[in-house]
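# Residue-level structure breakdown
Spelled out from the first residue to the last, the chains are:
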Amino acid sequence: MMREPVGQDEYGSTSPFDPDDLSRLNAIGPGLGGNDFEKYAVAVIIVFGALIIGGLMAASMTFGHRNGFLFALGGATSAWISGNALLLDRPRLYALFVGIAALMLVASTITLVT
């Protein structure tokens, strides 16, 4: 097996870890490396986020608030785009679209309440 240049893997991306040290990476501590709590946290965020956005859309449709529904739809679309930005490793775009989604969902809530 051919060794890659220092700091790069076979795809050319840099890594702060030496490939030979990966076996010792989880030895840092029980709270820092080898738990699956992040996966469960992401699943909870996705499920409850979908419930909130879907609930806002359903409530806006029920009460006949077209603007509230459109704001909730825009928030859902923005949240979906932010997920794609996260997959493409674009943290600034991710933060931008999460902010847009939050503003649109607050606007949907305000139109529903007033």
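Below is a summary of the structure that appears in this document. (Residues numbered from 1 in each chain as written. Predicted model: local features only at pLDDT ≥ 70, side-chain atom pairs only at ≥ 80, totals over all residues. Heavy atoms only, no water.)

## Thoughts on helix α3 (residues 91–113)
This is how it is decided: Under the DSSP-based scheme used, a helix requires at least four consecutive residues in state H or I and a strand at least two consecutive residues in state E, with every element numbered from the N terminus. Expected helix span is taken as 1.5 Å per residue step, with the number of steps being one fewer than the number of residues. Whether a residue is buried, partly exposed or exposed follows from its accessible area with a 1.4 Å probe, protein chains only, as a fraction of its type maximum: under 20%, in between, or over 50%, in that order.
For α3, spanning 23 residues, the distance from its first C-alpha to its last is 33 Å, which sits close to the expected 33 Å at 1.5 Å a residue. Of the residues making up α3, those classed as buried are A101, L105, A107, S108 and T111.

## Things to note about the nonpolar core
This is how it is decided: Put simply, a nonpolar core is a bunch of buried Ala, Val, Leu, Ile, Met, Phe, Trp, Tyr and Cys residues held in one set by side-chain atoms that sit within 4.5 Å of each other. Here, two residues are considered to be in contact whenever any of their heavy atoms come within 4.5 Å of each other.
In this structure, I53, L56, M57, A72 and L105 together form the largest nonpolar core, which totals five residues. With three residues, helix α1 (residues 37–63) is the largest single contributor of residues to this core. Apart from the residues lying within four places of it in its own chain, the contact partners of A72 are I53, L56, M57, L105 and S108.

## Some details on a nonpolar patch on the surface
Quick reminder of the rule: A patch consists of residues exposed above 30% relative accessible area that lack any salt bridge, with like charges linked at up to 9 Å and nonpolar side chains (Val, Leu, Ile, Met, Phe, Trp, Tyr) linked at up to 5 Å. Calculation of accessible area relied on Shrake-Rupley with a 1.4 Å probe; when residues are assessed, cover is drawn exclusively from the protein chains displayed. Any carboxyl oxygen of Asp or Glu that lies within 4 Å of a side-chain nitrogen of Lys or Arg is treated as forming a salt bridge with it.
A cluster of nonpolar side chains, contributed by V44, V47, F48 and L51, occupies part of the molecular surface with about 380 Å² of accessible area. Its location among the elements puts V47 in helix α1. The exposure class assigned to V47 is partly exposed, which follows from its relative accessible area of 46%.

## Some points on the packing of helix α2 (residues 66–87) against α3
To keep things clear, this is the line we draw: Orientation is described by axes fitted as lines to C-alpha atoms, over the contacting stretch for helices, and by angles from 0 to 180 degrees between their N-to-C directions. Throughout, the term roughly parallel applies to angles under 35 degrees, roughly antiparallel to angles over 145, roughly perpendicular to angles from 65 to 115, and oblique to all others. It is the rotation of the near helix from the far one that decides the hand of a crossing: anticlockwise by less than a right angle makes it left-handed, clockwise makes it right-handed.
Two elements in contact, α2 and α3, have axes separated by 8 Å at closest approach and are oriented at 165 degrees. On the basis of the axis angle, α2 is roughly antiparallel to α3. Where α2 crosses over α3, the handedness of that crossing is left-handed. Across the interface between the two elements, N67, G68, F71, A72, G74, G75, S78, A79, I81, S82, A85 and L86 from α2 touch L93, Y94, F97, V98, I100, A101, M104, L105, A107, S108 and T111 from α3.

## Remarks on the environment of R66
Looking at the element boundaries, R66 is found in helix α2. Using a relative accessible area of 62% as the deciding quantity, one classes R66 as exposed. Considered as a pair, R66 and S108 are 42 residues apart in the sequence and their alpha carbons are 9.7 Å apart.

## Here's the deal with α2
To be explicit about the condition: This arc is taken over the directions from the axis of the helix to the C-beta atoms.
With 22 residues, α2 extends 32 Å from end C-alpha to end C-alpha; this agrees with the ideal 32 Å at 1.5 Å per step. Those residues of α2 that sit buried are G68, A72, G74, G75, S78, S82 and A85. Angular distribution of buried residues about the axis of α2 spans 160 degrees; they occupy a single face of the element. Seen from the buried face of α2, the exposed residues on the opposite side, beyond 90 degrees, are R66, W80 and L87. Just beyond α2, the residue with positive phi is D89, at close to 60 degrees.

## Remarks on the environment of M104
Position of M104 relative to the elements: it lies in helix α3. When its relative accessible area of 24% is taken as the criterion, M104 is described as partly exposed. Sequence-wise, M104 and A72 are 32 residues apart; in three dimensions their C-alpha atoms are separated by 6.5 Å. If sequence neighbours within four positions are ignored, M104 has contacts with F71, G74 and G75.

Read these as layout, nothing more, since geometry by itself doesn't imply function.
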